[in-house]
Amino acid sequence: EAGVAQSPRYKIIEKRQSVAFWCNPISGHATLYWYQQILGQGPKLLIQFQNNGVVDDSQLPKDRFSAERLKGVDSTLKIQPAKLEDSAVYLCASSFLPGLAGTGELFFGEGSRLTVL
Amino acid sequence: AQSVAQPEDQVNVAEGNPLTVKCTYSVSGNPYLFWYVQYPNRGLQFLLKYITGDNLVKGSYGFEAEFNKSQTSFHLKKPSALVSDSALYFCAVRVPGGGSQGNLIFGKGTKLSVKP
């Protein structure tokens, strides 16, 4: 079974530039998550999709971050304009079912490491 | 607010010795608890979970964890550490029925270093 795919693995940009990350979840997984992992910290949820609808985006800085999941499969996370504090690893994860309907674990991709100079 | 605490930034163990990585949580209701491991430049890999039932759960690579409701803890253990166990370990909690169903709240991580 193929895992969660993410690209690019590494990206270096200047502040105020834009960047986009792509994620392809495990086939059949309805729920997709984007997490931000800053060095020395645990992952923090940015946004959660159930199929192509947003379940939770309360911690997404909406003035600069946006995400979409067209057709309920692939997802793209965009940052525009980037700030120095956005330097982090952006992790995509998927799961078959969320919440009470599923007690299963999340499956993570290898992450996209962003450096903002 | 829901939270997870991993009180140790780093744990050092000699190969062959038992290891413990500590985790405590603060949530309302009955939580689901998870341990993940992260190797350098890799994503998080699932190790084990506690949902209900036996307080001692066994997972991948010989790891196990004990759920203690009275102490609100879920410590990760292994009887005999390997050098290859050296990695970053994250404890996480999911609150069933919460506003963000399925969302995991992570601790800050504990770096495990196993020396030969």
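Residues numbered from 1 in each chain as written. Chains lettered and ligands numbered in written order. Predicted model: local features only at pLDDT ≥ 70, side-chain atom pairs only at ≥ 80, totals over all residues. Heavy atoms only, no water.

Colleague: Any chance you could explain the pattern of salt bridges here in plain terms?
Modeller: Where side chains of opposite charge bring their charged atoms close, a pairing between them can arise. One pass over the full model with this rule turns up nine salt bridges over all chains. Ionic pairing is found between Asp9(B) and Lys108(B), a salt bridge with its closest N-O pair at 2.3 Å. In this pair, Asp9(B) is assigned in the loop between strand 1 (3–5) and strand 2 (10–14) and Lys108(B) in the loop between strand 11 (104–106) and strand 12 (110–115), connecting sequence segments 99 residues apart. Where salt bridges share partners, they join Arg9(A), Glu110(A) and Arg42(B) into one cluster. (Salt bridge = Lys/Arg side-chain N within 4 Å of Asp/Glu carboxyl O. Helix = DSSP H or I, 4+ residues; strand = E, 2+ residues; numbered from the N terminus.)

Colleague: When you look at the state of the cysteines in this model, what are you seeing that I'm missing?
Modeller: Chemically, a disulfide is nothing more than a covalent bond linking the sulfur atoms of two cysteines. Residue and element names in this part refer to chain A. Scanning the entire structure with this criterion turns up two disulfides over all chains. Linked covalently through their sulfurs, Cys-23 and Cys-92 form a disulfide whose S-S length is 1.9 Å. The sign of the -70° torsion about the S-S bond sets the Cys-23-Cys-92 disulfide as left-handed. Taken together, the residues span a long stretch of sequence, with Cys-23 in strand 3 (residues 19–24) and Cys-92 in strand 9 (residues 88–95) at a distance of 69 residues. Grouping residues by exposure puts Cys-23 and Cys-92 together as buried. (Disulfide = S-S within 2.5 Å. Buried < 20%, exposed > 50% of the residue type's maximum accessible area, 1.4 Å probe, protein only.)

Colleague: Would you mind going over the packing of aromatic side chains with me for this structure?
Modeller: Pairs of aromatic rings are described using the distance from one ring centre to the other and the angle between the two planes. Tallied over the full model, the rule gives 15 aromatic pairs over all chains. When the centroid spacing of 6.3 Å and the interplanar angle of 45° are considered together, the rings of Phe65(A) and Tyr90(A) count as tilted. Here Phe65(A), found in strand 7 (residues 65–68), pairs with Tyr90(A), found in strand 9; they are 25 residues apart in sequence, far enough to count as distant. Neither Phe65(A) nor Tyr90(A) differs from the other in exposure class; each is buried. Where Phe34(B) meets Phe46(B), the ring centres are 6.5 Å apart and the plane angle is 65°; that geometry is what we call edge-to-face. On the criterion of sequence distance, the pair formed by Phe34(B) in strand 5 (residues 32–38) and Phe46(B) in strand 6 (residues 44–50) is long-range, its members being twelve residues apart. A residue is classified by how much of its surface remains accessible, and Phe34(B), at 0% relative accessible area, is buried. Within the aromatic cluster, the residues linked to one another by ring pairs are Tyr33(A), Tyr35(A), Phe108(A), Phe34(B), Tyr36(B), Phe46(B), Phe90(B) and Phe106(B). (Phe/Tyr/Trp six-rings, centres within 6.5 Å; stacked < 30°, edge-to-face > 60°.)

Colleague: Would you mind going over the layout of surface pockets with me for this structure?
Modeller: In this approach, a probe sized like a water molecule rolls over the atoms, and the result shows the empty space that is left. By volume, the largest pocket amounts to about 600 Å³. Taken together, 29 residues line the largest pocket, and the ones lying closest to its centre are Gln37(A), Leu39(A), Arg113(A), Gln38(B) and Leu88(B). Those elements giving two or more residues to the lining of the largest pocket turn out to be strand 9 and strand 11 (112–116) of chain A together with strand 10 (87–94) of chain B. It is strand 11 of chain A that contributes the most residues to the lining of the largest pocket, four residues altogether. Broken down by class, the residue content of the lining of the largest pocket amounts to eleven nonpolar, eleven polar and seven charged. No other element matches the three residues that strand 6 of chain B contributes to the lining of the second largest pocket. Grouping the constituent residues of the lining of the second largest pocket by class yields eight nonpolar, four polar and three charged. (1 Å grid on protein atoms, 1.4 Å probe; cavity = no way out; pocket = protein on both sides within 12 Å on 5 of 7 lines; lining within 4 Å. Points joined across faces, edges and corners; volume = space filled by probe spheres on them. Nonpolar A, V, L, I, M, F, W, Y, C, P; charged D, E, K, R; others polar.)

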